[in-house]
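# Summary of the model geometry
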Amino acid sequence: MTKTTDGDLLLKNINAQAPFPICFADLEKAVAEKIEAGPFGYIRSGAGGEQTLRNNRAAFEKYSIIPRFLHDVSSIDTSIELFGKVHPTPFLFAPVGMNRMAHDKGELAVARAADQLKIPYIQSTVSSYALEDVAQTAPTATKWFQLYWSTNEEIAYSMAARAEAAGFEAIVLTVDTVMLGWREEDVRNQFSPLKLGYARGNYMNDPVFTASLPDDSFESYVQGVLQNVFHPTLNWDNVRELKRRSNLPILLKGILHPEDAKLAIENGIDGIIVSNHGGRQLDGVIGSLDALPDIVKAVKGRIPVILDSGVYRGMDALKALALGADAVAIGRPFVYGLALEGQQGVEKVMTNLYDELKVSIALAGAISVKGLRDITLVKKDGVDFR
C-alpha cells in the first residue's frame, strides 16, 4: 500500500533542486536539442504519414472520467500480479531496441533502473547489449525477453532458449513486424541503426546466427540481420512450436483484433500485449486504447492483457487500467529519460509517471488498480463504459 498523505507529490517536484522535464512534450523537446537528428527521428517518428501515431494519442483524449468523492483514499494499492508474481506498480518497460542510440550504457542503464524501481523490464531482440549482459547487470530484476522471429527459425528458438537459461521469466513474441514499416523520417535522415550496428548485442552473441554468417566481418553481420528481420511467413504453427519448445509463459505483442485474441487463447498463449508498435509499423491503424475494450471482452480474464503504445502520462495509464488492462507498458518516455540522464533519467521519468498515476487514482475515487474498473468513463461519442 502507498500512503497518499506522505507529502504533496506536486510540491516535491516544484522544490526539486534541478528541474527535470515533467510532461512528454518537454521531454521530447529537450531530447531533440541534445541528440542528433538521425537517432532522434528514429525514436520519435511513426510509420508513413504518422496517422497511427496520432490515433494513439487521440484515443486517450476520447475518454473522460467521472470521479467519485467522499471515500477514504489515504492509502492506495498500486500493485498487480502477473504470472504468480506481485509487482508494486502496474507499469512495465516496453521493449525498445538499440538503446545505445540514446545513451552509451543503453539497455544496461534501463535494466538497472528497472531493478531499482521494481518494474518488469522487457528486453528487445534488437538490443545494443546481449541479454546475458543485461541479466548480469540486473540479476534481481524481473526480466522478459521480446522475440523477433527470424527467417532462419532456429535463430528465434536459440534466442528464446538463451533467455530462459539467463533467467528471463517470459517470452514476448512480436507479431506485427514481419517486415519493417514504411518509415519516412529515417529515409529523410538517411539513418538506419541496424546498418550502423546498434542491434549487435543479441545477434552477435547467438551461436546459431553467427554460424550462419559467411565470415566475421561487419558487413556480414549487417546483411545477416537484414535478412532475418524480414520474415513474412510467421504463422500460428510457429507460435505453437515456440510454445512447445519453451518452459516460459509466451505472450503475443501486437494484437489489435479480438478474433486474434481468441486464437491466441486457443493456441495456448499465456498473455496478450495490445499494441500497434507505437505507431511505427502499419500507418492508419486503430489506436491501441481503442482496441483494448473489445480484446478485454474477448479474453474474459483468462489471460493477462497489457496495453502498449501511446502511454505518455500517468493519466493515460489510469484510463487503460480502467478499461480493463492488467498492466501498462511505457516506451518512448523512458527512452527520452535515458537520452537526457542515463539511468537516473529513466528513473525520474518512470517515477513521475507513477506519482501522477497515484494522485490520479486517489482523485478518481479509487484505492486500487482493480478498483479502477469501477470508475465511470465516458467516451466522446456518448458511450458510458460503466
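For the structure given in this document, a descriptive report is provided here. (Residues numbered from 1 in each chain as written. Predicted model: local features only at pLDDT ≥ 70, side-chain atom pairs only at ≥ 80, totals over all residues. Heavy atoms only, no water.)

Throughout the structure, instances matching the rule amount to 11 aromatic pairs. With a centroid separation of 5.1 Å and 75 degrees between ring planes, the pair formed by Phe93 and Phe334 is classed as edge-to-face. With Phe93 in strand β6 (residues 91-93) and Phe334 in helix α16 (residues 332-364), the pair connects residues that are 241 residues apart, well separated along the chain. Here the aromatic cluster, defined as three or more aromatic residues joined through ring pairs, consists of Phe24, Phe40, Tyr312 and Tyr336. (Phe/Tyr/Trp six-rings, centres within 6.5 Å; stacked < 30°, edge-to-face > 60°. Helix = DSSP H or I, 4+ residues; strand = E, 2+ residues; numbered from the N terminus.)

For the rest of this paragraph, the subject is the packing of helix α7 (residues 153-165) against helix α12 (residues 236-245). The angle between the axes and the distance between the axes are what describe a pair of packed helices. Running from N to C, α7 and α12 cross one another at 35 degrees; their axes reach a closest spacing of 11 Å. The crossing of α7 and α12 is right-handed. Residues Glu153, Glu154, Tyr157 and Ala160 of α7 form the contact with α12, whose own contacting residues are Asn238, Glu241, Leu242 and Arg245. Tallied by class, the residues present in the contact of α7 with α12 amount to 3 nonpolar, 1 polar and 4 charged. (Axes fitted to C-alpha atoms, helices over the stretch in contact; angles between N-to-C directions. Left-handed = near helix turned anticlockwise from the far one by under 90°. Contact = heavy atoms within 4.5 Å. Nonpolar A, V, L, I, M, F, W, Y, C, P; charged D, E, K, R; others polar.)

Turning our attention to helix α5 (residues 106-117). Its 12 residues give α5 an end-to-end C-alpha distance of 17 Å, which sits within 8% of 16 Å, the value for a rise of 1.5 Å per residue. Burial analysis of α5 places 9 of its 12 residues in the buried class, the great majority of the element. Listing the buried residues of α5 in full gives Gly106, Glu107, Leu108, Ala109, Val110, Ala111, Ala113, Ala114 and Asp115. The inward-facing, buried residues of α5 abut β6, β7 (121-123), α6 (131-137) and α16. Residue Lys118 follows α5 closely and has a positive phi angle near 60 degrees. (Expected span 1.5 Å × (residues − 1). Buried < 20%, exposed > 50% of the residue type's maximum accessible area, 1.4 Å probe, protein only.)

What follows concerns the pattern of salt bridges. Evaluation of the coordinates by the stated rule reveals 21 salt bridges. For Glu132, the salt bridge goes to Arg162, with nearest N and O atoms at 2.8 Å. With a gap of 30 residues between them, Glu132 in helix α6 and Arg162 in helix α7 connect regions that are remote in the sequence. What makes Arg162 buried here is its relative accessible area of 9%. Residue Arg313 is joined to Glu356 by a salt bridge in which the shortest nitrogen-to-oxygen separation is 3.2 Å. Placement of Arg313 in the loop between β12 (305-307) and α15 (314-322) and of Glu356 in helix α16 is noted, with a sequence separation of 43 residues between them. (Salt bridge = Lys/Arg side-chain N within 4 Å of Asp/Glu carboxyl O.)

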